[in-house]
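# Coordinates in review
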Amino acid sequence: AARLSHPYIVAVHDIIEEAGELFLVMEFVDGRPLDTLIAEGRKFTLNDCETLFSFVCQAVACAHWNHVLHLDLKPGNVMLDRMGFAKVMDFGLARRGGSGPREIAGTPTHMAPEQHRAEYGPASDVYALGVCLYEMLTGFLPYVGPDFVGQKRNLPAPPSTLNAALAGTGVDELLASALSPDMAQRPAGALPFLEALKGLKKG
């Protein structure tokens, strides 16, 4: 992941090993993580989300083009800088697509159902993008546990039932696709997810 170079990915400048521990020297981003803004009750419109995801989805697409899966996409790993740009950080759980040992990795609230089975692919990151969008638009997580495996066999409540302003926009259908338990039913990648978001009806 340190080899990834993209304006919307927080750069890793150096990797230092000392006393058996690894330390990452990372780019400084003058801003705040997205989860802090959500916790403070900030309301995100579909237009806000389209702007933010235009950065995030490009970063995720760059990683996928380089055969790197993030596997821990969540608001805490998205930094909003003072200029209004978003940057994806913390590829600590990243894996080379289709290679390496399989193990359960991720944040239970945001990881795709297949990650609970130590399976993953680009569609797993698309699922996490859907969880982030759901959380930004409603202020709620789609699944709260503790039985995440069981809950994720079914779709969550449509976001329009939690935010009436979303009714008729098409976001219910987009998130039903992105959060599908079936990887094949999700948007085909981060950029198709972004294009679907851009295509929603916005006020």
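Reading the values: rules and limits
- Residues numbered from 1 in each chain as written.
- Predicted model: local features only at pLDDT ≥ 70, side-chain atom pairs only at ≥ 80, totals over all residues.
- Heavy atoms only, no water.
- Core = buried A, V, L, I, M, F, W, Y, C linked by side-chain atoms within 4.5 Å.
- Buried < 20%, exposed > 50% of the residue type's maximum accessible area, 1.4 Å probe, protein only.
- Helix = DSSP H or I, 4+ residues; strand = E, 2+ residues; numbered from the N terminus.
- Contact = heavy atoms within 4.5 Å.
- Axes fitted to C-alpha atoms, helices over the stretch in contact; angles between N-to-C directions.
- Parallel < 35°, antiparallel > 145°, perpendicular 65-115°, else oblique.
- Left-handed = near helix turned anticlockwise from the far one by under 90°.
- Nonpolar A, V, L, I, M, F, W, Y, C, P; charged D, E, K, R; others polar.
- Pairing = 2+ DSSP bridges.
- Polar contact = N/O pair within 3.5 Å; in protein donor to acceptor, adjacent residues only side chain to side chain.
- Disulfide = S-S within 2.5 Å.

### Description of the nonpolar core
Soluble globular proteins tend to pack their nonpolar side chains together in the buried interior. Core analysis: the largest hydrophobic core is formed by 51 residues, its most contacted members being Phe53, Leu129, Leu133 and Phe193. Those elements giving two or more residues to this core turn out to be helix 1 (34-39), helix 2 (46-65), strand 5 (78-81), strand 6 (86-88), helix 3 (122-138), helix 5 (171-178) and helix 6 (190-198). If one sorts the elements of this core by residue count, helix 2 sits on top with 12 residues. Filtering out sequence-adjacent residues up to four positions away, Phe193 remains in contact with Phe53, Cys57, Val126, Leu129, Gly130, Leu133, Leu174, Ala178 and Pro187.

### Details of the packing of helix 2 against helix 3
The N-to-C vectors of helix 2 and helix 3 enclose an angle of 160 degrees; their axes lie 11 Å apart at closest approach. For the element pair helix 2 / helix 3, the angle class is roughly antiparallel. In this structure, helix 2 meets helix 3 at a crossing whose hand is right-handed. Contacts from Leu46, Cys49, Leu52, Phe53, Val56, Cys57, Val60 and His64 of helix 2 reach helix 3 at Pro122, Asp125, Leu129, Cys132, Leu133, Met136 and Leu137. Looking at the contact of helix 2 with helix 3 residue by residue, the classes come out as 13 nonpolar, 1 polar and 1 charged.

### A closer look at the pairing of strand 1 (residues 12-18)
Pairing of strand 1 with strand 2 (residues 21-26) involves 6 bridges; the strand directions are antiparallel. Note on strand 2: the bridge partner recorded for Ile16 is Phe23. From the end of strand 1 to the start of strand 2, which pair antiparallel, there are 2 residues, and Ala19 there has a positive phi angle of about 50 degrees.

### Overview of the side chain of Thr169
Counting through the fold element by element, Thr169 comes out in the loop between helix 4 (148-151) and helix 5. Here Leu166 takes part through its backbone oxygen, which lies 2.7 Å from a polar atom of the side chain of Thr169. If we skip the residues at most four places from it in the chain, Thr169 touches Leu46, Leu200 and Lys201.

### Structural notes on the state of the cysteines
What we call a disulfide is simply a covalent bond connecting the sulfur atoms of a pair of cysteines. Tallying each qualifying case throughout the model produces 0 disulfides. With no disulfide of its own, Cys57 has Cys132 as its nearest cysteine by sulfur position, at a separation of 9.7 Å. Just so you know, Cys62 is unpaired, no disulfide at all, and the nearest cysteine sulfur is the one on Cys57, 13 Å from it.

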